[in-house]
Amino acid sequence: MKRSITRLLMAPSVILLLIWMIVPLSMTIYFSTIRYNLLYPGQNNFVGWMNFEFFLTDPGFFPAVANTLILLASVLIITVVLGVLLSALIDRPFWGQGIVRVLLISPFFIMPTVNALIWKNMMMNPVYGIFAWISESLGFEPIDWLSSFPLASIIIMVSWQWLPFAILVFVTALQSQDTEQKEAAQMDGATGWHIFRYLTLPHLARPITVVVMIETIFLLAIFAEIFVSTGGGPGYDSTNLAYLIYNQALLQYDVGVASAGGLFAVLLANIVAFFLIRAVGKNLTV
Amino acid sequence: MSYLAITDLQKHYDDYHALRGINLAIEEGEFIVFVGPSGCGKSTLLRTIAGLETSSSGAIELDGKDITELASSKRDLAMVFQSYALYPHMTVADNLSFALRLAKAPDAEIKEKVQAVSKSLQLDALLERKPKELSGGQRQRVAIGRAIVRQPKVFLFDEPLSNLDAALRVQMRLELARLHKKLGTTMIYVTHDQVEAMTLADRVVILNAGQIEQVGTPLELYRQPNSRFVAEFIGTPKMNLIPLDQAVKQDSAVELTLLGKSIAFPTSRLTGDLSNQTIMGIRPEHMHLVDHAADLTGKVELVEHLGSEAYAHILLSSGQTIIVKASARIDLADGQQVHIQLEVDEMILLNDQDRVISASTEGE
Ligand SMILES: Nc1ncnc2c1ncn2[C@@H]1O[C@H](COP(=O)(O)OP(=O)(O)O)[C@@H](O)[C@H]1O
Ligand SMILES: [Mg+2]
């Protein structure tokens with residue numbers, strides 16, 4: 001009796017969530033199996049696996065998968081490593097700590113589009129960007145970042161955007177670290193490095209896991225930065241899966257192939273999540 | 001030259017003067033207890049000795065070396081914290097061996113020392129556990145073990161027993177006393193519990209508002225406090241302080257007048273001048289209920305039975321309530337009139353500056 005009431009009361013939210021998930025997913029699955037090109041309306045016949053075949057044999061497919069994974073791995077490594085180091089650095093009190101923290105966190109509140117525009121026009125532009133100015137004043141040729149190192153440029157932009165998130169999580173975690181433990185280690189003869197290595201890093205294992213999980217979700221779907229800056233190019237050099245799908249859907253008007261790509265992206269996300277949880281998830285039980 | 005010498009140590013926090021000129025000499029092998037009310041600077045003093053706080057001025061010397069400016073990692077002291085501060089991600093064995101591993105001691109030596117310590121503290125069965133899988137008492141023992149393994153020059157304890165329940169606290173207190181006997185290492189122990197201080201210490205240092213009030217053996221402090229603060233701080237229940245109506249110095253005796261009765265106090269025990277208002281101090285255990293007219297008379301307000309003894313709260317005609325120790329089987333009705341006999345030998349006198357102006361009786 002009591003259990004059925006509980007279920008009854010829970011039902012609306014469960015059903016709503018289910019619909020929320022099921023409807024787009026089933027429509028995507030449906031679209032991926034029909035011919036659905038906006039240039040040829042009305043010819044929506046069933047085509048089986050053909051959309052998937054198109055997507056998987058697209059010349060952009062392998063570069064896109066590779067770029068997605070490289071982007072993911074690089075940004076994760078940069079944000080976690082730099083995040084841990086910077087948070088540990090600003091954890092001990094110093095003059096201006098508050099303002100430094102605010103400055104470090106603030107890039108997180110900038111829209112991805114604006115972020116990309118800032119980097120594209122003010123930092124990396126070969127004519128009037130700050131990087132160009134620096135290399136010129138040092139006597140070097142300015143580098144055209146976006147065309148010479150498109151993927152690296154994207155990685156820099158996205159890392160700049162996500163580093164604050166990592167710092168935010170790590171700084172909060174560090175504040176809960178027990179100071180007496182650090183003092184005990186100090187009395188045991190530990191140097192700053194020892195304390196970082198044997199106390200702080202283990203203490204951060206769980207926050208690092210959380211940061212990796214959350215960032216992964218967003219990094220697999222990076223789009224705005226690519227769209228605004230490199231446009232996926234040159235060639236496919238900075239095209240990731242999300243951008244390739246957009247390409248199919250809106251540049252070639254092929255909703256069917258785009259849906260197939262979307263489903264592949266879902267599959268890829270699950271594979272990545274599976275390995276991530278296997279690799280770092282055991283930290284969650286510590 | 002003493003083993004640990006502290007000279008004119010001052011400590012200012014931003015706008016708070018926490019240590020106001022501490023001078024203290026500790027001999028090798030002594031068990032020293034810092035005791036005092038909460039916030040009096042006990043932890044600050046201990047942490048300054050440990051090097052976890054920097055002193056504002058003054059000097060600390062250990063074993064003939066000035067360590068005032070030395071980093072705590074180089075002082076060769078070990079500290080047991082109130083929270084135990086075990087390393088949560090390491091097993092008990094790793095906690096115990098951490099300092100030795102940092103010092104790059106040979107593996108065989110580390111193993112041997114860890115085994116010896118874990119055996120003496122009954123930690124053998126727990127070596128592979130993490131701190132959070134241990135009980136409070138076990139954590140406490142690991143914390144102590146971690147300090148012992150290093151064989152430091154001095155052990156520092158900051159209220160190590162205050163997180164344990166009463167029974168365990170008594171047991172750990174005994175173990176600490178035994179440990180000190182066995183190791184013979186100098187120990188400095190901070191507590192706000194005067195029972196711990198009295199039972200453990202070779203010498204007790206009583207702190208009050210960032211200053212040392214008195215240093216002495218537990219018995220000295222009990223019998224010969226030199227201020228009202230110490231007189232009241234040591235002993236449970238507190239010493240009774242009774243303002244005298246009059247104190248007149250005569251040839252052989254000081255005549256003390258108290259609520260109409262007069263008591264003779266030997267002049268030879270007087271060490272200072274009598275003031276306008278002299279106060280008499282006497283402990284509950286040095287007063288006795290008698291059934292004939294004696295030094296004091298009062299009415300029973302309340303009796304606390306502790307099983308082995310009882311404490312009678314007695315209202316004097318001056319309106320003051322004093323506490324008198326009585327036998328466990330005493331049967332008193334509330335409001336009953338009682339007579340109290342004082343042990344003059346155990347009495348102390350205080351002047352109006354709250355300083356003690358009498359010496360305890362010699363001998364005994
Ligand atoms: N880090 C600090 N900053 C400012 N004041 C402090 C600090 N640590 C302790 N104090 C003050 O110094 C005084 C002594 O503290 P402490 O030594 O911890 O007392 P206790 O005798 O209870 O151990 C207290 O009044 C406390 O408020
Ligand atoms: Mg304290």
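What you see is a predicted model, and the numbers here were worked out from it, not measured in a lab.

A short note on the overall build of chain A
A count of helical and extended segments in chain A gives 13 helices and zero strands. Taking the principal axes of the C-alpha coordinates as reference, chain A spans close to 75 × 75 × 30 Å. In chain A, of all internal contacts separated by at least 6 residues, the share reaching a separation of at least 24 is 69%. With an accessible surface of roughly 16,000 Å², chain A has 74% of that area assigned to carbon and sulfur atoms.

With respect to the UniProt feature "transmembrane region" (unreviewed entry) in chain A
Residue and element names in this part refer to chain A. UniProt tags residues 9-31, 61-86, 98-119, 151-174, 207-230 and 250-277 as "transmembrane region" (unreviewed entry). Here residues 61-86 is 100% helix and 0% strand, with 37 Å between the C-alpha atoms at its ends. Secondary structure across residues 151-174 comprises 100% helix and 0% strand; the distance between its end C-alpha atoms is 33 Å.

Details of the domain arrangement of chain B
In many analyses, interface size is given as the accessible surface area lost on bringing the parts together. All names here are of chain B. For chain B, the assigned domains read domain 1 (4-233) and domain 2 (240-363). Here domain 1 and domain 2 have C-alpha centroids that lie 38 Å from each other. Each partner contributes to the interface: domain 1 provides eleven residues, whereas domain 2 provides 15 residues. Between domain 1 and domain 2, a total of about 1,200 Å² is buried, with carbon and sulfur atoms accounting for 43% of that surface. On the domain 1 side of the contact with domain 2, Tyr222, Arg223 and Arg228 bury the most area, a combined 55% of that side's loss. For the pair domain 1 and domain 2, the interface holds two salt bridges. As a salt-bridge pair, Arg228 and Asp354 come within 3.5 Å of each other at their nearest N and O atoms. Our count for the domain 1 to domain 2 interface comes out at seven residue pairs in polar contact (both at pLDDT 80 or more). Contributing elements (two or more residues each) for the side of domain 1 that touches domain 2: α7 (218-223) and α8 (228-233). When the residues that make up the side of domain 1 that touches domain 2 are grouped by side-chain class, the tally is four nonpolar, three polar and four charged.

A look at the UniProt feature "domain: ABC transporter" (unreviewed entry) in chain B
Taking the UniProt record as the reference, the feature "domain: ABC transporter" (unreviewed entry) is found at residues 4-234 of chain B. Structurally, residues 4-234 of chain B is divided into 37% helix and 26% strand, and its ends, taken at the C-alpha atoms, are 25 Å apart.

Structural notes on the interface of chain B and chain A
Between chain B and chain A, the contact holds 24 residues from the first and 17 residues from the second. With both chains or domains summed, chain B and chain A bury close to 1,800 Å², and 60% of this area falls on carbon and sulfur atoms. When the area that chain B buries against chain A is broken down by residue, the three leading residues are Tyr87(B), His89(B) and Leu102(B), summing to 29%. At the junction of chain B and chain A, the tally comes to two salt bridges. Its salt-bridge partner being Arg47(B), residue Glu183(A) comes within 2.7 Å of it at the nearest N-O pair. Linking chain B to chain A there are ten residue pairs in polar contact (both at pLDDT 80 or more). Elements with a minimum of two residues in the side of chain B that touches chain A: α1 (42-50), β6 (77-80) and α2 (92-102) of chain B. Per-class residue counts for the side of chain B that touches chain A are 15 nonpolar, five polar and four charged.

Observations regarding the sheet that holds strand β15 (residues 279-282) of chain B
Residues and elements named next belong to chain B. Sheet architecture is open: three strands sit in the order β11-β15-β21, paired in antiparallel fashion. On the outer flanks of this sheet lie β11 (240-243) and β21 (348-350), each paired with one strand and no other. If you compare each strand with its neighbour and ignore which way they point, the axes differ by 30° on average. Bridge analysis of β15 against β21 gives three bridges, and the strand direction is antiparallel. Opposite Gly281, over in β21, you have Ile348 as the bridge partner.

Quick notes on the UniProt feature "domain: ABC transmembrane type-1" (unreviewed entry) in chain A
Feature annotation in UniProt assigns "domain: ABC transmembrane type-1" (unreviewed entry) to the following positions: residues 65-276 of chain A. Annotation note: span residues 65-276 of chain A, helix share 75%, strand share 0%, distance between end C-alpha atoms 17 Å.

A look at the confidence of the model for chain A
In this model, chain A carries a mean pLDDT of 87, and residues with pLDDT of at least 70 account for 97%. The secondary-structure element of chain A with the lowest mean pLDDT is helix α2 (residues 50-57) of chain A, recorded at 82, while helix α9 (residues 179-187) of chain A shows the highest, at 93.

Regarding the pairing of strand β10 (residues 211-216) of chain B
Residues and elements named next belong to chain B. Of the pairings in the sheet, the one linking strand β9 (residues 203-208) to β10 comprises five bridges and is antiparallel in character. Residue Val205 lies in a different strand from β10, and its bridge partner there is Val215. Hairpin connection of β9 to β10: two residues between the antiparallel strands, including Ala209 at a positive phi of 50°.

Considerations on the nonpolar core
Val33(B), Ile144(B), Phe157(B), Leu176(B) and Tyr189(B) are the most contacted members of the largest nonpolar core, which has 44 residues in total. A per-element tally of this core places helix α4 (residues 136-149) of chain B first, with six residues. Every residue in contact with Tyr189(B), bar those within four places of it in the chain, is listed here: Phe31(B), Ile32(B), Val33(B), Phe34(B), Phe157(B), Pro160(B), Leu161(B), Leu176(B), Glu196(B) and Leu200(B). If you look at the next biggest cluster of nonpolar residues, it comprises 41 residues, including Phe61(A), Leu72(A), Val80(A) and Leu204(A).

Structural notes on the site of ligand 1
Residue and element names in this part refer to chain B. Every residue lining ligand 1 is accounted for by Tyr13, Tyr16, Ala18, Ser38, Gly39, Cys40, Gly41, Lys42, Ser43 and Thr44. Here an oxygen atom of ligand 1 sits 3.5 Å away from a polar atom, N or O, in the side chain of Tyr16. Here Gly41 contributes a backbone N or O atom positioned 3.1 Å from an oxygen atom of ligand 1. Protein chains bury 59% of the 560 Å² of accessible surface belonging to ligand 1 in isolation. Mapped by element, the contributors of at least two residues to the shell around ligand 1 are β2 (16-26) and α1. Considering each element in turn, the shell around ligand 1 owes the most residues, three residues, to α1. Class assignment for the residues of the shell around ligand 1 results in four nonpolar, five polar and one charged.

Things to note about the side chain of Thr79(A)
Residues and elements named next belong to chain A. If you trace the backbone, Thr79 turns up in helix α3 (residues 61-89). Reaching out from Thr79, the side chain makes a polar contact with the side chain of Glu215 at a distance of 2.9 Å. Setting aside chain neighbours within four positions, we find Thr79 in contact with Val84, Ser159, Trp162, Leu163, Ala166 and Glu215.

Description of the pattern of salt bridges
One pass over the structure, following the stated rule, counts eleven salt bridges over all chains. Where salt bridges share partners, they join Glu183(A), Lys11(B), Arg47(B) and Glu53(B) into one cluster.

Reading the values: rules and limits
Residues numbered from 1 in each chain as written. Chains lettered and ligands numbered in written order. Predicted model: local features only at pLDDT ≥ 70, side-chain atom pairs only at ≥ 80, totals over all residues. Heavy atoms only, no water. Helix = DSSP H or I, 4+ residues; strand = E, 2+ residues; numbered from the N terminus. Contact = heavy atoms within 4.5 Å. Areas by Shrake-Rupley, 256 points an atom, 1.4 Å probe, with all protein chains shown as cover. UniProt positions renumbered as here; feature names shortened; annotations may be inferred. Domains from an automatic or database assignment. Buried area = accessible area lost by both parts, 1.4 Å probe. Salt bridge = Lys/Arg side-chain N within 4 Å of Asp/Glu carboxyl O. Polar contact = N/O pair within 3.5 Å; in protein donor to acceptor, adjacent residues only side chain to side chain. Nonpolar A, V, L, I, M, F, W, Y, C, P; charged D, E, K, R; others polar. Pairing = 2+ DSSP bridges. Axes fitted to C-alpha atoms, helices over the stretch in contact; angles between N-to-C directions. pLDDT = per-residue confidence, 0-100. Core = buried A, V, L, I, M, F, W, Y, C linked by side-chain atoms within 4.5 Å. Buried < 20%, exposed > 50% of the residue type's maximum accessible area, 1.4 Å probe, protein only. Near = heavy atom within 4 Å.

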